[in-house]
Amino acid sequence: MKRFFNRFSAGNTSENEEEKNDASTNVYSVSDTSSSNNNNFANNEKYVSDEQAYDVPDVLTNIVVAVDDDKHTRTLPLQQYEHYAAIQREYEDRNDFEGLRECQREQLSDPHSNLSEEKIQSQIALRRASKYSVFFLITTDILGPSNAPYAMMQLGLVPGIILYIAFGVFAIIGGKLLSYAFCRLDSDNFPLRTFADLATRILGPWSRFGVAGLQFIQMILNVGIILLTTGQALAQCIKSTAEDPKLCFTVQIFVWAILGMIIGQIRSLKDFSHLANSAVWMNIAICIITMVGAATGGPNYEVAWASSQIPKGPVDIYAVAKNDLYDRIQGIDQMVFAWGGATIFCEVMGEMARPREFVKGLIGADTLIMVVYLFYGIFVFCYQGQFTYAVANQGINQYGLQLASNILNIISGMLAAVLYSNVGLKVFYQGFGVPDLKFPKLDTIKGAIWWFVLVIIYWGVAFIIGAAIPQVASLSSLVGAVCILNFSYTLPALFVFFLIVQDDAGSLDKYDPLTGEVERYDTWKSGERWKRAFLLGGWKRICMKIFTFILFLCGLTLCGLGMYGAIESLIEAYSDNNAVAFSCNPSL
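Residues numbered from 1 in each chain as written. Predicted model: local features only at pLDDT ≥ 70, side-chain atom pairs only at ≥ 80, totals over all residues. Heavy atoms only, no water.

(A) Here's a closer look at the overall build of the protein. Along its length, the protein carries 22 helices and 2 strands. Evaluated residue by residue, the protein yields a buried proportion of 57% over its 588 residues. As displayed, the protein offers around 23900 Å² of accessible surface, 63% of which is attributable to carbon and sulfur atoms. (Helix = DSSP H or I, 4+ residues; strand = E, 2+ residues; numbered from the N terminus. Buried < 20%, exposed > 50% of the residue type's maximum accessible area, 1.4 Å probe, protein only. Areas by Shrake-Rupley, 256 points an atom, 1.4 Å probe, with all protein chains shown as cover.)

(B) Summary view of a nonpolar patch on the surface. Taken together, I445, I449, F452, V453, I456, I457 and V461 make up a surface patch of nonpolar side chains, about 630 Å² in accessible area. Inspection of the secondary structure assignment puts F452 in helix α19 (residues 445-468). (Patch = residues over 30% accessible without salt bridge, like charges linked within 9 Å, V, L, I, M, F, W, Y side chains within 5 Å. Salt bridge = Lys/Arg side-chain N within 4 Å of Asp/Glu carboxyl O.)

(C) Summary view of the side chain of N222. In this structure, N222 sits in helix α10 (residues 207-237). Under the relative-accessibility criterion, N222 is labelled buried at 5%.

(D) Layout of helix α9 (residues 195-203). Of all 9 residues in α9, 9 are buried, a share of seventy percent or more. The set of residues buried in α9 consists of F195, A196, D197, L198, A199, T200, R201, I202 and L203. In the stretch just after α9, G204 is the one whose phi turns positive, near 120°.

(E) Region of the structure containing the packing of helix α15 (residues 325-338) against helix α22 (residues 538-575). The geometry of α15 relative to α22 is characterised by a closest axis approach of 8 Å and an angle of 120° between their N-to-C directions. When you trace α15 past α22, the crossing you get is left-handed. Two secondary-structure elements touch here, α15 through L325, Y326, I329, Q330 and D333 and α22 through L561, G562, Y564, G565, A566, E568, S569 and E572. Of the residues in the contact of α15 with α22, the class split is 6 nonpolar, 4 polar and 3 charged. (Axes fitted to C-alpha atoms, helices over the stretch in contact; angles between N-to-C directions. Left-handed = near helix turned anticlockwise from the far one by under 90°. Contact = heavy atoms within 4.5 Å. Nonpolar A, V, L, I, M, F, W, Y, C, P; charged D, E, K, R; others polar.)

(F) Layout of the packing of helix α7 (residues 148-155) against helix α17 (residues 358-384). It is at 7 Å that the axes of α7 and α17 come closest, and there the two elements cross at 65°. Relative to α17, α7 is oriented so that their crossing is right-handed. For the pair α7 and α17, the contacting residues are A148, P149, M152 and M153 in the first and Y373, L374, Y376, G377, I378, V380 and F381 in the second. For the contact of α7 with α17, the residue count by class is 10 nonpolar, 1 polar and no charged.

(G) View of the state of the cysteines. Overall, the coordinates contain 1 disulfide when judged by the stated rule. Each sulfur in the disulfide pair C248 and C584 lies 2.2 Å from the other. What sets the handedness of the C248 and C584 disulfide is the S-S torsion sign, and at about -85° it is left-handed. Of the two residues, C248 is situated in the loop between α10 and α11 (249-263) and C584 in the segment after α22; the sequence distance between them amounts to 336 residues. (Disulfide = S-S within 2.5 Å.)

(H) Representation of the packing of aromatic side chains. Within the structure shown, the criterion is met by 27 aromatic pairs. Plain terms: the ring middles of W524 and W530 are 4.9 Å apart, the flat faces sit at 65° to each other, and that makes the pair edge-to-face. If you follow R208 out to its NZ or CZ, it ends over the ring of F209, 5.0 Å from the centre. Above the face of the W524 ring, R529 is positioned so that its terminal group lies 5.2 Å from the ring centre. (Phe/Tyr/Trp six-rings, centres within 6.5 Å; stacked < 30°, edge-to-face > 60°. Lys NZ or Arg CZ within 6 Å of the ring centre and 35° of its normal.)

(I) Representation of the nonpolar core within the structure. Y164, F358, W459 and F495 are the most contacted members of the largest nonpolar core, which totals 130 residues. Residue contributions to this core peak at 16 residues, all from helix α20 (residues 472-505). If sequence neighbours within four positions are ignored, W459 has contacts with V223, L227, W256, A257, G260, M261, M414, A417, V418 and S421. (Core = buried A, V, L, I, M, F, W, Y, C linked by side-chain atoms within 4.5 Å.)

(J) The pattern of salt bridges, seen in detail. Within the structure shown, the criterion is met by 20 salt bridges. Of the charged contacts, one joins E92 and R89 as a salt bridge, the two residues approaching to 2.7 Å between their closest N and O atoms. Here R89 and E92 lie together in helix α3 (residues 78-93), a separation of 3 residues that amounts to about one turn. R89 shares its class with E92; the two are buried. Residue D509 pairs with R529 through a salt bridge whose shortest N-O separation is 2.9 Å. You can see D509 sitting in the loop between α20 and β1 (510-512) and its partner R529 sitting in helix α21 (residues 527-535), a full 20 residues away along the chain. For D509, a relative accessible area of 9% gives the class buried.

As structure tokens, then:
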């Protein structure tokens, strides 16, 4: 597989040789820069110091959705993006950042370079993160193993372990594919910041609406899930049950929605980011408390009966579950949900000094997360068996430990919810509101008024989702199937497939960097162009096209199956009265 990735840019040697020769005569070629610059920044100390190497960038809290408001930059030829990206990657690979800046300043006189001195300085300030930053950021964003024991319960130990590892490996592959596409198209001239930006350049301007819309849906559903789980946590803290409801459950959810409407008015969460990053330590503390509670207190039979109508009995630990098909699919959805995090990968790479190193940080983070998920999931399931609850800490039986874990869960959950709402709204506001709907910019008074109104609406919709679908497992399964699976597996494969197909089809086209124009050798009406698209590049490159296309189809298939499992689970929950919309009785 590694050889496949390394051959991405190889293509057909004979046909690409002419392109390389053309590039060597380009006025912006790397060779034009004095070789004395090569060692000036060999250690890249100016851009990523030892101190900064471990700083986690404020990607989630300082998101820039639309770097260029000019709609023209969304519809440029693919070769123009690749031209400037290739120049930048070569300098970055050599750690010659001083040479890169000199090359970019030579480009200032070129009207097609889309550069200014101000833009160069802003990119220097932005691109400071390293692979160590990626490790910490991805770990902070993804690590949340509360549903790992439930996934084991739905599938059994053997398929649970195998599939957790498989989804983790393919999450790394998806990240590698995304990194490849990003590095081929991103530069200081035309920076990439989001999934929607990447989709626009590869699939066309129309795709940004679908991808950004899917990202927005994921964020608001995540907030709805958090409101539901924090409402359940509050119910357990005050010992509110269906038989003795101390406070209406819908009101318990609404309380947190009101708090989110207040905190969510903060437009820039830069100072909030370090507090938000502490959520990973809270999650680890919740895991430890849950494992102690599961090992010493046994299952919480009341929660198991209230949520799934499982009667009290001996704990059953099994290698392979005998559940219905949709229950097992729901377990798979839980695993997919646990690996969610790819939605911010473009933002992460956009803040890296050397984006090619993203995969190194990703492999380290995903390996650690996989070990935590497996250990935690197996441990809790082996003590609680079929009584394992979707939010594991709420399924332990000792009130003191349950109270402590629920308090931590409320704090970390609300921190995450505020971040999700901030990112989700900025995806809409800065990605579509400002450039397409002529909304005022956020740093103006009118922008602040618009933000105030949209935050209220956003949290109001999230409250309706959480209160109307009071089934954590089913709701998180739906998010995993519809959103997270596509961002982690389906879309990266689709991006790379279309990118290499377009590159090979246009291998005989001539791009002039001085005019920014492409002279096409032929059109898509020609059979030869289609032949080059699918058969050019040697057997390894052809195998990569087949692999990415099959991975894309597998992602779509799992998306359909996951939606089926989640919807069937919701139907069963409502038909058995396990879930009642806007009820005063807690759902556990």
